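Spelled out, the chains give:
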Amino acid sequence: MKVQLPKDKYDSITTKEELLEAMREPVKSALNLLLDTLYNRKDLYDEISKSKDLTEEEKNDIIHIENSCKVYEELREKLINKKELSNYDYNLVGLVCATVATLMGQNIENLKFASTELKRIGWKIVHLKLDSKEDNKKDSKS
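Everything quoted here is computed from the prediction, not taken from an experiment.

Participant: How would you summarise the nonpolar core if you had to cite specific residues and measurements?
Facilitator: By size, the foremost hydrophobic cluster in this structure holds 21 residues, and its most contacted members are L20, L31, Y72, L75, L79, L85 and V96. Take this core: its biggest share by element is seven residues, from helix α3 (residues 24-51). Residues in contact with Y72, not counting those within four places in the same chain, are L31, L34, L35, L38, L92, L95 and V96.

Put into structure tokens, the structure is as follows:
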């Protein structure tokens with residue numbers, strides 16, 4: 001996915017600090033979306049664990065999710081409080097933006113597919129209903 005910054009607004013930006021300052025709110029939103037996704041995944045594991053024992057891989061995944069959440073929560077706090085970010089933090093911001101862009105792209109594709117299927121279902125239901133009304137009219141006339 002290619003993203004182009006509007007030239008009129010970002011032409012003068014020459015550092016990552018300036019870019020982050022200009023894009024702080026979208027970056028925080030991306031971070032919130034990523035954290036929501038991670039927490040939802042952990043909640044899913046919590047639900048699964050109520051009905052069956054988790055595999056070792058699932059348990060390791062939960063640990064990884066929890067560790068990731070801690071790292072991203074710390075980054076979010078730094079962004080909210082406008083603290084200075086390290087090079088590692090900037091790399092995390094880049095990772096968050098790339099990951100969320102991928103997630104959004106997947107969601108767009110899923111929505112397109114769902115939209116197409118829902119149109120087909122709706123069309124089929126309407127026509128089946130019309131067909132059955134016409135059949136009922138024919139039957140009542142006979």
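Participant: Explain the packing of α3 against helix α4 (residues 56-80) to me, using residue names and the numbers behind them.
Facilitator: The geometry of α3 relative to α4 is characterised by a closest axis approach of 10 Å and an angle of 155° between their N-to-C directions. It follows that α3 is roughly antiparallel to α4 by the angle criterion. The crossing of α3 and α4 is left-handed.

Participant: Before we move on, can you summarise a nonpolar patch on the surface with the specific residues and values?
Facilitator: Residues L118, I121 and I125 make up a contiguous nonpolar surface patch of roughly 310 Å² in combined accessible area. You can see I121 is positioned in helix α5 (residues 87-141).

Participant: Provide a residue-level description of the pattern of salt bridges, including the pertinent values.
Facilitator: Per the stated rule, a full pass over the model turns up 12 salt bridges. Among the salt bridges present, the one from K42 reaches D46, with a minimum N-O distance of 3.5 Å. Separated by four residues within a single helix, K42 and D46 lie in helix α3, roughly one turn from each other. We classify K42 as buried; its relative accessible area is 18%. On the accessibility criterion, D46 (30% relative accessible area) is partly exposed. E66 serves as the salt-bridge partner of K42, at 3.6 Å between the closest nitrogen and oxygen. With K42 in helix α3 and E66 in helix α4, the pair connects residues that are 24 residues apart, well separated along the chain. By relative accessible area, which is 33% here, E66 ends up partly exposed.

Participant: Go over α4, please, and point to the residues and values.
Facilitator: Taking 1.5 Å per residue, 25 residues should reach 36 Å; α4 reaches 36 Å between its end C-alpha atoms and fits that length. For α4, the full list of buried residues reads E58, D61, I62, I65, S68, C69, Y72, L75, R76 and L79. Looking at the residues trailing α4, positive phi occurs at K82, about 55°.

Participant: Explain the confidence of the model for the chain residue by residue, including any values.
Facilitator: Overall, the predicted model of the chain reaches an average pLDDT of 89, with 85% of residues at or above 70. When pLDDT is averaged over each element of the chain, α4 comes out on top at 96 and helix α1 (residues 7-10) at the bottom at 66.

Participant: Kindly report on the side chain of R24, identifying the contributing residues and their values.
Facilitator: Residue position: R24 is located in helix α3. Within polar-contact distance, the side chain of R24 engages the backbone oxygen of L79 at 3.0 Å. What R24 contacts, discounting residues up to four positions off in sequence, is L79 and K82.

Reading the values: rules and limits
- Residues numbered from 1 in each chain as written.
- Predicted model: local features only at pLDDT ≥ 70, side-chain atom pairs only at ≥ 80, totals over all residues.
- Heavy atoms only, no water.
- Core = buried A, V, L, I, M, F, W, Y, C linked by side-chain atoms within 4.5 Å.
- Buried < 20%, exposed > 50% of the residue type's maximum accessible area, 1.4 Å probe, protein only.
- Helix = DSSP H or I, 4+ residues; strand = E, 2+ residues; numbered from the N terminus.
- Contact = heavy atoms within 4.5 Å.
- Axes fitted to C-alpha atoms, helices over the stretch in contact; angles between N-to-C directions.
- Parallel < 35°, antiparallel > 145°, perpendicular 65-115°, else oblique.
- Left-handed = near helix turned anticlockwise from the far one by under 90°.
- Patch = residues over 30% accessible without salt bridge, like charges linked within 9 Å, V, L, I, M, F, W, Y side chains within 5 Å.
- Areas by Shrake-Rupley, 256 points an atom, 1.4 Å probe, with all protein chains shown as cover.
- Salt bridge = Lys/Arg side-chain N within 4 Å of Asp/Glu carboxyl O.
- Expected span 1.5 Å × (residues − 1).
- pLDDT = per-residue confidence, 0-100.
- Polar contact = N/O pair within 3.5 Å; in protein donor to acceptor, adjacent residues only side chain to side chain.

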